[in-house]
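Observations on chain architecture
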Amino acid sequence: MDKMTVKKSPALRGTVSAGGSKNSALPILFSTLLAEGDHWFENIPQLMDIDSTALLLGSLGAELTRDGSRVRVRVGKTDARIAHYDIVRKMRASILCLGPLLARFGEAEVSLPGGCAIGTRPINLHLEGLKEMGAEIKTEKGYVIGKCKRLKGTTILFDSPTVGGTENIMMAAALAEGTTIIENAAKEPEIVDLANYLNAMGGKVTGAGSGIIRIEGVERLKAAEHRVIPDRIEAGTLLLAGAITGGEVLVKNCIVDHVEALLQKLEESGFRLTREKTAVTIHAHRGWRGVDVTTAPFPAFATDLQAQFMALMTQAEGTSIITESVFENRFMHVQELVRLGADITPKTRVAVVRGTPGKLQGAPVMATDLRASACLVLVGLVAQGETEVNRIYHLDRGYERLEAKLESLGALIRRHQ
Ligand code: UD1
């Protein structure tokens, strides 16, 4: 099984580019199921989650081919309506095929995703929304089985702003009869990107990026072209790599508004930043302060950057209180950080991090989920000696060649196969 060794590295310096957004690419690739024909995309990252999506789309009659970051999805006629457990268990976002399949074919069987390291991650809000649109939904033998005539537009009020739920309903509503209004919708940039692609296909979506999204259903959508937005989580992770090593790193292909909550916390901690429209530079700095962070839906601090920010806080002067308000079990990385010598007290949803600059010692550690693995790579850059990060298949789900990007900035990092 692949692992990574990271040695204490010099301050990272140079320029690096973030790739296309994984969390944007996934729903957009699933939205191709709404329209036959050739869909073309630019800026699709090369990741395991995209490979899983390609496999699932393939089993549903949609063939994905790629040339670097350019991807074509050819959607043909097919009777396949089943998303099998073998693929879904590898990637929870597979549930995003449910809305498009129901909307286009009036039937779908999608395996329930099962457990996840960061929380229970139910899909009740996806299912309730689809039921409100007229779908009959039952769960049998581990599968969600949905049937409907043409879905009907309605008003759906989410109890909490779910990203995947908002995306599933937007896709389902694009081909529904009448208008759907999603209230308390997620506002993430990935929602806006999906709306842009639905509109490129001839959909009628307005309000994406606000708490109320309006989708006027149309009879038919047509395959179109789209460039996926940059990955704000990858950009944030690269900035944090610059920060934790006291280096100076320019991250290109980064939309500043999408990482603003992180940038403000970095400034509060004492870092100086240069913002350009699609690039940010973090400037060399030592003796940064511990700051408190609470994760919450966009535009607040992203839960997907919590673990990596905690890595930075282990090296801060003073204490940082990190509150995880999105997922109930997203502190799996804490015990690994503690094994390296970090002083962290985790409680339910709150971790108190007492910074101990320069005190971490490299050791073998285990990645538990995607962002936790990035956190461990970041601390590996500053821990004395060598840190061995095991189970990096988690990292490969969501970071494209992270080790190559860090190495280009001077990191002492190696993948072992
Ligand atoms: C997406 C992102 C993930 C990110 C998360 C929060 C993708 C592929 N993944 O995940 O990287 O960490 O947003 O920004 O885009 N919930 C329910 N019922 C539901 C759905 C969600 O209770 O039906 C709860 C979840 O348990 C969680 C919260 O709502 O506590 C937010 O989850 P959600 O926004 O749906 O996350 P995902 O779409 O799964």
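Check the entry above for the structure.
Heads up: these notes are all about the structure in this document.

Quick word on the sheet that holds strand β12 (residues 204-206)
As summarised here, the arrangement of the 4 strands in space is β10-β11-β13-β12, forming an open sheet in which the pairing is mixed. Both edges of this open sheet fall to β10 (155-157) and β12, since each of them pairs with a single strand only. Geometrically, the sheet is characterised by an average inter-axis angle of 15° between neighbouring strands, direction not taken into account. Pairing geometry for β10 and strand β11 (residues 179-183), over 3 bridges, is parallel. Within β11, the position partnered with Ile156 by the bridge is Ile182. Running over the sheet, helix α6 (residues 163-174) touches β10, β11, β12 and β13 (212-216) and is turned about 25° from β13.

Let's talk about helix α12 (residues 370-380)
With 11 of its 11 residues buried, α12 lies for the most part within the structure. Taken residue by residue, α12 has Leu370, Arg371, Ala372, Ser373, Ala374, Cys375, Leu376, Val377, Leu378, Val379 and Gly380 as its buried positions. Near the N-terminus of α12, the side chain that reaches the backbone nitrogen of Arg371, with its oxygen 3.0 Å away, is that of Asp369.

Structural notes on the pairing of strand β9 (residues 143-147)
Most of β9 is tucked away, with 4 of its 5 residues classed as buried. Sheet analysis places strand β8 (residues 136-140) next to β9, joined by 5 bridges and oriented antiparallel. Paired with Thr139 across the bridge in β9 is Val144. Joining the antiparallel neighbours β8 and β9 is a turn of 2 residues, in which Lys141 adopts a positive phi near 50°.

Rules used throughout
- Residues numbered from 1 in each chain as written.
- Predicted model: local features only at pLDDT ≥ 70, side-chain atom pairs only at ≥ 80, totals over all residues.
- Heavy atoms only, no water.
- Pairing = 2+ DSSP bridges.
- Helix = DSSP H or I, 4+ residues; strand = E, 2+ residues; numbered from the N terminus.
- Axes fitted to C-alpha atoms, helices over the stretch in contact; angles between N-to-C directions.
- Contact = heavy atoms within 4.5 Å.
- Buried < 20%, exposed > 50% of the residue type's maximum accessible area, 1.4 Å probe, protein only.
- Polar contact = N/O pair within 3.5 Å; in protein donor to acceptor, adjacent residues only side chain to side chain.

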